[in-house]
Amino acid sequence: MTTLNRTTYICGICNTNPDQLSHHTAHLNSKTHQEQKIICEYNVRRYVVDFLYLVNNNYWGIYLQNEYLDERMRTETIPIFEDWVVKKSYDIEKKYNLKNNYSECYVSKYEAETHKKCDLNDEIDKIIFLDWKIMYLIKQAETIQKTERSLKHFDNEMIHKINNNEITIDELFNNYVNCFCFNDDNDNYNDRRAKIIKNNINLGYIVYSNFKNKFCFKFVDIVTTVLGQTEKRKSPYWFIKDEDLTRDKSHQIKKLIIAFIQNLLDNVEEENEKITKIKNKFLSGQKNFSLTILQELFK
Ligand SMILES: [Zn+2]
């Protein structure tokens, strides 16, 4: 159980998985990355609207127009040319995780870094500046720092594995069964509690692995007025992604989770004494099944 925040790095150009700094640095020096970077730069120069200024207006008008007409032959629903150019531009920025802002925002950075003066109304200044801006945006996207939340109950390494599909639900289920602790008569209150939490944590990994892209959890401000007194409090809300986000869906989510676990337990190939005990325990505990410990995973 770790409570430290974990910092990882991704390359937004190649969309790598979050990794530690040394691996990320090795990635930046790899041939694959160097090649992707050239392709990225080409796409930025060709499509991103800010940089079309670097190409003679007639040229980009002609070559993009040709590409547009080509695409229009193949697709039925296509916006008018001007909107298509903007969409292409936006798509490229999104694909390579470029955080592109108005050029004015970058001038002071440019002047500090290059010790050159820049007047965006001057043609030569602007060309040199835009060229620098392309490389600046790419460099920024090459290294995106991500800090993962610290988790109170769950293990960050395990969550990292689940997020990157490095562990299957079957493996998590086996782990849940193998590590399952039953109470015995000599247990005091604390022992019992510790065992329940341990079981719930292992169950949580399975649930998270299956539903991580489907459920989310938030604390929502609820304002109530009773007899003229307004009160604001934070309420736990569960949502199903792509569905109505105004109502708490915890009942529905609970049912889905229970059905899913039930199904896993029903489909165990070789049933032994332990499995039978777990099944009975799960069956008797369904009413009291709580989503609380799962909150931190789905936040
Ligand atoms: Zn890369």
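Note that the coordinates shown come from a computational prediction; the quantities given were computed from them, not determined experimentally.

1. Section: the overall build of the chain
Consideration 1: Within the chain, the secondary structure is distributed over 12 helices and 4 strands.
Consideration 2: Scaling as 2.2 N^0.38, a compact globule of 299 residues should have a C-alpha radius of gyration of about 19 Å, whereas the chain reaches 27 Å, well beyond that.
Consideration 3: Seen through its C-alpha atoms, the chain measures out along the principal axes to roughly 85 × 60 × 45 Å.
Consideration 4: When burial is assessed residue by residue, the chain has 15% of its 299 residues classed as buried.
Consideration 5: Partitioning the contacts of the chain with sequence separation of at least 6, the portion at a separation of at least 24 is 60%.

2. Topic: the nonpolar core
Consideration 1: The biggest cluster of nonpolar side chains holds 14 residues, and the ones touching the most others in it are Y205 and I206.
Consideration 2: Elements supplying a minimum of two residues to this core: helix 7 (156-163), helix 8 (169-178) and helix 9 (189-211).
Consideration 3: Contacts of I206, omitting those with residues within four sequence positions, involve I169, L172, F173 and Y176.
Consideration 4: Y47, V48, F51 and A141 belong to the second largest nonpolar core, which has 13 residues in total.

3. Some points on the domain arrangement of the chain
Consideration 1: Domain annotation for the chain reports domain 1 (6-144) and domain 2 (153-298).
Consideration 2: Averaged C-alpha coordinates put domain 1 and domain 2 at centres separated by 43 Å.

4. A word on unusual backbone geometry
Consideration 1: In this structure, H115 is a non-glycine residue whose phi angle is positive, near 55°.
Consideration 2: Position of H115 relative to the elements: it lies in the loop between helix 5 (107-114) and helix 6 (123-142).
Consideration 3: With a phi close to 55°, N165 is a non-glycine residue in the positive phi region.
Consideration 4: Residue placement: N165 occurs in the loop between helix 7 and helix 8.

5. Side note on helix 8
Consideration 1: Residues of helix 8 that are buried: L172, F173 and Y176. Angularly, the buried residues of helix 8 cover 100° about the axis, an arc narrow enough to put them on a single face. The exposed set on the far side of helix 8, more than 90 degrees from its buried face, consists of D170, N174 and N178.
Consideration 2: On the buried face of helix 8, the contacting elements are helix 9 and helix 10 (250-266).

6. Topic: helix 6
Consideration 1: If you check helix 6, its first and last C-alpha atoms are 29 Å apart, about what 20 residues at 1.5 Å a residue would give, namely 28 Å.
Consideration 2: Within the span of helix 6, buried status applies to F129, K133, L137, A141 and E142.

Conventions adopted
Residues numbered from 1 in each chain as written. Predicted model: local features only at pLDDT ≥ 70, side-chain atom pairs only at ≥ 80, totals over all residues. Helix = DSSP H or I, 4+ residues; strand = E, 2+ residues; numbered from the N terminus. Rg over C-alpha atoms; globule rule 2.2 N^0.38 Å. Buried ≥ 20, exposed ≤ 12 C-beta atoms within 10 Å, placed from the backbone. Contact = placed C-beta atoms within 7 Å. Core = buried A, V, L, I, M, F, W, Y, C linked by C-beta atoms within 7 Å. Domains from an automatic or database assignment. Arc of directions from axis to C-beta. Expected span 1.5 Å × (residues − 1).

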